[in-house]
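# Coordinates in review
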Amino acid sequence: MTESTDNLKYSQRGVSASKEDVHAAIKNIDKGLFPNAFCKIYPDVLTGDENYCNILHADGSGTKSALAYMYWKETGDISVWKGIAQDSIVMNLDDLLCVGAAGPFIFSSVINRNKNLIPGEVLQQIIEGNQLFFDEMKKHGVEIGYLGGETADMGDVIRTVSVDSTIACRMKRSNVIEINLQPGDVIVGLASYGKAIYETEYNSGIGSNGLTAARHDVLSKFYAEEYPESFDTDLPHKIVFTGSKRLTDTVEGSELNAGKLLLSPTRTFAPVILEVLKKYSLLPSPLERGSEVGEDKQRSENPIHGIVHNSGGGQKKVMHFNKSVHVIKDNLFPTPTVFKLIQQESKTPWSEMYQVFNMGTRMEIYCKAEAADEIISISKSFGVEAQIIGRCEASAQPKLTIESEFGKFEY
């Protein structure tokens, strides 16, 4: 794989799948207590307890809110904003799951809007969407305390609306999962698509990454003329809404129209991961609790060597944490319709698609082979498809190979 990310069409639209400039900006910042954890782990600054740590994560729905705006304006379906609320929550929550965080969590939101375009009814849908998601998660043991947030009218800087949030929790340091991929590990993939028992409708699997590319590549030039407030008007005209679809168009192979395919709320894997953590979080004995011996024992016995949320960076995400193995993904799920649609409309090389989108697998658990069947069984009990999608092999340097139905790609 030799193509530079700088040359990808995704970058031309003012966004980056791998965020090289962001990583460069923070390269000298302290990496926290566990430098190779999926999220930064802080000391327990509020109590000073050396046995505990704090985790705080901030993210949002990204440009998916611009897509929701167009769908709402075109169809009158205001309920799509509840999905945007879920997107903002899950992009935080599922990152925290990757370090072994089990809650309880606390949540705060920031909604910045252009008041002339986004009325109070939309704000109400977003805020109600937050609570509906928390209520559903509580049924499955995921405790999230809603601490309110900020809503600001910022028409001078916000075209339509941005929906962002922060989630935090406190946990034992001994329960932290720091990514330590090892030769012989298998990769259990959890599907991003389908209908989990905690979802009300079929999920396309799109998540909340790559939506700038997705909406411009799939939707027609009609939207550039109809809703100029939905995109950066300084973009070159040739890369703005270059597809053939209207939001309400049917899509072959899908029960969802084009708009709903792109707007499927980001699936959370919280109920699944919490059950996995209960199964494999090997707490030290009372005599060892709080001691270095107990923590070392727990880490050495835990068959889970890493959990990776395939958000920004798509299937290449693991390479941020891969220090010394060859990651081989050669048994991925069939590519969901939404990603085939994006590729067909954009003619994006498949090698680039795997760098931008989750391609059907948004959560990966790297573990000893003997743990795989139990993890798969737990996932399927929630209606989330799971399977071994690959493995880790010894290597002189970190590598990733994807062997897919569309070719073999090396990164």
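To be clear, the structure that these remarks concern was listed above.
In this report, the structure presented in the accompanying data block is examined. Given the structure is predicted, the values throughout are model-derived calculations rather than measurements. (Residues numbered from 1 in each chain as written. Predicted model: local features only at pLDDT ≥ 70, side-chain atom pairs only at ≥ 80, totals over all residues. Heavy atoms only, no water.)

### Description of the overall build of the protein
- Helices and strands together make up the secondary structure of the protein, namely 13 helices and 12 strands.
- Expressed as a percentage of its 411 residues, the buried residues of the protein come to 56%.
- Once local pairs closer than 6 in sequence are excluded, the contacts in the protein between residues at least 24 apart make up 81%. (Helix = DSSP H or I, 4+ residues; strand = E, 2+ residues; numbered from the N terminus. Buried < 20%, exposed > 50% of the residue type's maximum accessible area, 1.4 Å probe, protein only. Contact = heavy atoms within 4.5 Å.)

### Concerning the side chain of asparagine 358
- The topology assignment puts asparagine 358 in the loop between α12 (350–356) and β9 (361–367).
- Asparagine 358 gets classed as buried once you look at its relative accessible area, which sits at 4%.
- For asparagine 358, the side chain forms a polar contact with the main-chain oxygen of glycine 205, separated by 2.9 Å.
- Among the polar contacts made by the side chain of asparagine 358, one reaches the main-chain amide nitrogen of glycine 360 at a distance of 2.7 Å. (Polar contact = N/O pair within 3.5 Å; in protein donor to acceptor, adjacent residues only side chain to side chain.)

### Considering the pattern of salt bridges
- Taken as a whole and assessed by the stated rule, the structure comprises 15 salt bridges.
- For arginine 170, the salt bridge is made with aspartate 44, and the minimal N-O distance between the two is 2.7 Å. Of this pair, arginine 170 sits in strand β5 (residues 161–172) while aspartate 44 is found in the loop between β1 (42–43) and β2 (52–60), placing the two residues 126 residues apart along the sequence.
- With a relative accessible area of 3%, aspartate 44 lands in the buried category.
- Through salt bridges with shared partners, a single ionic network connects Asp44, Asp49 and Arg170. (Salt bridge = Lys/Arg side-chain N within 4 Å of Asp/Glu carboxyl O.)

### What to know about the packing of helix α4 (residues 80–97) against helix α5 (residues 120–138)
- Between α4 and α5, the least distance of the axes is 7 Å, while the angle of their chain directions is 50°. By the angle between their axes, α4 is oblique relative to α5. Where α4 crosses over α5, the two elements pack in a sense that is right-handed. Every residue of α5 that contacts α4 at Trp81, Lys82, Ala85, Gln86, Ile89, Val90 and Leu93 is listed here: Val122, Gln125, Ile126, Glu128, Gly129, Asn130, Leu132, Phe133 and Phe134.
- Here the contact of α4 with α5 is built from residues that sort into 10 nonpolar, 4 polar and 2 charged. (Axes fitted to C-alpha atoms, helices over the stretch in contact; angles between N-to-C directions. Parallel < 35°, antiparallel > 145°, perpendicular 65-115°, else oblique. Left-handed = near helix turned anticlockwise from the far one by under 90°. Nonpolar A, V, L, I, M, F, W, Y, C, P; charged D, E, K, R; others polar.)

### Some details on the packing of aromatic side chains
- In the structure shown here, the tally under the stated rule is 17 aromatic pairs.
- Relative to phenylalanine 134, the ring of phenylalanine 133 lies with its centre 6.3 Å away and its plane at 70°, an arrangement referred to as edge-to-face. Neither phenylalanine 133 nor phenylalanine 134 differs from the other in exposure class; each is buried.
- Measuring from ring centre to ring centre gives 6.2 Å for tyrosine 223 and phenylalanine 241, while their planes differ by 55°; the resulting arrangement is tilted. In this pair, tyrosine 223 is assigned in helix α7 (residues 222–226) and phenylalanine 241 in the loop between α7 and α8 (258–263), connecting sequence segments 18 residues apart.
- Overall, the relative accessible area of 0% leaves tyrosine 223 in the buried class.
- By relative accessible area, which is 1% here, phenylalanine 241 ends up buried.
- Put simply, the rings of Tyr69, Trp72, Trp81, Phe222, Tyr223, Tyr227, Phe231 and Phe241 touch in pairs and so form one group of aromatic residues.
- Between the NZ or CZ atom of lysine 73 and the centre of the ring of tryptophan 72, over which it lies, the distance is 5.5 Å. (Phe/Tyr/Trp six-rings, centres within 6.5 Å; stacked < 30°, edge-to-face > 60°. Lys NZ or Arg CZ within 6 Å of the ring centre and 35° of its normal.)

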